[in-house]
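Commentary on secondary and tertiary structure
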Amino acid sequence: MARMAQTDFIRMIIEEDLAADRHGGRVATRFPPEPNGYLHIGHAKSICLNFGIAGQYGGTCNLRFDDTNPSTEETEYVESIKDDVRWLGFEWNGQVRYASDYFEQLYEWAEKLIEKGVAYVDSLTAEEISEHRGRWNESGRESPYRDRPVEENLDLFRRMRAGEFEDGTHVLRAKIDMTSPNINLRDPVMYRIRHESHHRTGDDWCIYATYDWAHGQSDAIEGITHSICTLEFENHRPLYDWYVQALELEDPPHQFEFARLDISHTVLSKRRLLMLVNEGHVSGWDDPRMPTIVGLRRRGYTPEAIRNFCERIGVAKTNSIVDIKLLEFCQREDLEKRAPRVMGVLKPLKVVIENYPEDQVEEFEFPNHPDNPEMGTRMVPFSREIYIERDDFREEPPKKFYRLAPDREVRLRFAYMITCTDVIKDPDTGEVVELRCTYDPATKGGTAPDGRKVRGTLHWVSAAHALKAEVRLNDHLFTRENPNDVEEGKDFIDYLNPSSLEVLEDCRVEPSLADAEPGLPYQFERKGYFVVDSADSKPGKPVFNRTVSLRDSWAKIEQAQLQG
RNA sequence: UGGGGUGUCGACUAAUGGUAAGUCCCCGGACUUUGGAUCCGGCAAUCCAGGUUCGAAUCCUGGCACCCCAGCCA
């Protein structure tokens, strides 16, 4: 099903550039993560944009790690980020790139700017530099070191590189304009001294380029034509252009900004995600409730669904919060087509079919997908004692409840029609512990020869044949649509959804699931889409994560009834 | 407070001076051996005030609201 290709302002710019034959007709993008955390669905938007554009216009997309800060970056993240990009279905152009590959070139260019007289070594402290920078409504002041002669700057800068100075004693700054209303142009820092090991260059360097100095130049080195980033870098564009012009680079790259993704009922900032992990509110970065790629993957989300979601949300410059229900819709849409159907009873209620022979076992043939015969069939055993879903029985059925109730007949999917004849309760608690039913042998397969209809069809498992399983029902992590929008004196943590995870340890699933493999999606009929958990599942005792529930119109009716 | 951005159905996104469109949500209905899926229908928006124009979401003027920026983070 081909959907109309989504177009957006960035693609329009690219098409204009192509039409005007800019960059010699080339389109080159890049995805530039910093290796200091796990990727989340917000990054997926950027990945889909950058790789998608490259694919669409016959261009290339590089994967480049923006590893200019040795204090926070680690190889562990590099590997997980590569995995996530591939898992999403993208392959980068050639080798993985690193900003650190360009440290030497960047250094040479820095010397060039010093020689040109537009960069200088400043020896103010960090605090003093901050003071000199001024404020939004007040001009900055020039550093007393701003007019050091070129030779002195060169000498100092070389000694910075040689490791002669302590951290924080000197920085290299671009000499631009301390009175600029754009604070990024008030002599931005290009290099800072950091005597720290870098995850790739080890101890080769003790001066490290800042983002602004490294990023655009890395783009230029790689021949990037369209450097796409998020809105908060809009203020940096004049600086991006300044560096590239000062170096007099040919066919310079240009920066374009779009609004980052935000989704309701979750958080997408590294800081907040890290807090959830560190404070133990989730089990880790790959907790199935996390919006991280590893979390979504473990939850059972598919790359197809995520890519489709990213296409549907579009690309614009308006800050917005996408309803998480759109993500869920995209996932259902994908799984609806491909997930084989099985039966799993989450909250079992025993049913004894009194007129069914004690030792008899029948096998019924079930289609694996109701609308796709190519997915084949499987055999499902049936016997005198079965489990049905506790929610599928009501002693006093409300209006429009079409499921089982005393003296009522329902269909067991692809098996028989049964009628409830007796309800057995715990004498102490009054809780329903078992149902007694009779079946109509003439309704084998689920249809009655006399043509009578039943409104309800229930899923079931044979008690003797069923597999015990644990099922984890995942729900939104936060109760608030926007957990970042906090009331006075509160914190986003206060809006964690206490029932974001419901663990059901005594579920029963049909025996065909005995060799279900982690990562393969299933639809538990009438319940939702589930996947075998990749971390905690064990051969005899599978653990399933609910990826997303099915649409539940009864739940809506019931809720409406409760609200009157 | 200076600068840079952004305002279109409940949500997201189109319309680039010419019928305000699509998707999600929500609400009906049909169909149904999943209260699923599918199909059909419905709801519902141009931040405000002026101006230009035969005609304005779009252009102009003036407001208002929200976001970003004062790291040697990215």
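Everything below is about the structure printed above this text.
The following refers to the structure shown. Here the structure is a predicted model, which is why all the values come from computation and not from measurement.

Taken together, 69 residues sit near RNA strand B, with Arg341, Lys400, Gly445, Gln523 and Arg551 positioned nearest. The sugar-phosphate backbone supplies 62% of the atoms of RNA strand B found within 4 Å of the protein. A distance of 2.9 Å separates a sugar or linking oxygen of RNA strand B from a polar atom in the side chain of Arg312. Within the backbone of Lys400, an N or O atom sits 2.4 Å from a base nitrogen of RNA strand B.

Enumeration according to the criterion identifies 26 aromatic pairs in this entry. Centroid distance Tyr107 to Trp205: 6.0 Å. Interplanar angle 55°. Geometry classified as tilted. In this pair, Tyr107 sits in helix H4 (residues 103–115) while Trp205 sits in the loop between strand E6 (189–193) and strand E7 (207–209), placing the two residues 98 residues apart along the sequence. Judged by relative accessible area, which is 9%, Trp205 ranks as buried. Measuring from centroid to centroid gives 5.2 Å for Phe524 and Phe544, while their planes differ by 65°, and the two rings are edge-to-face. With Phe524 in strand E23 (residues 521–524) and Phe544 in strand E25 (residues 543–549), the pair connects residues that are 20 residues apart, well separated along the chain. Note that Arg200 overlies the ring of Tyr98, its terminal NZ or CZ placed 3.6 Å from the centroid. For the cation-ring pair, Arg272 lies above Phe492, with the distance from its terminal atom to the ring centre recorded as 5.5 Å.

Despite not being glycine, His23 shows a phi value in the positive range, around 55°. Topologically, His23 is positioned in the loop between helix H1 (9–19) and strand E1 (28–31). By relative accessible area, His23 is classed as buried at 11%. One non-glycine residue, Phe414, adopts positive backbone phi at about 55°.

Quick notes on the rules
Residues numbered from 1 in each chain as written. Chains lettered and ligands numbered in written order. Predicted model: local features only at pLDDT ≥ 70, side-chain atom pairs only at ≥ 80, totals over all residues. Heavy atoms only, no water. Near = heavy atom within 4 Å. Polar contact = N/O pair within 3.5 Å; in protein donor to acceptor, adjacent residues only side chain to side chain. Phe/Tyr/Trp six-rings, centres within 6.5 Å; stacked < 30°, edge-to-face > 60°. Helix = DSSP H or I, 4+ residues; strand = E, 2+ residues; numbered from the N terminus. Buried < 20%, exposed > 50% of the residue type's maximum accessible area, 1.4 Å probe, protein only. Lys NZ or Arg CZ within 6 Å of the ring centre and 35° of its normal.

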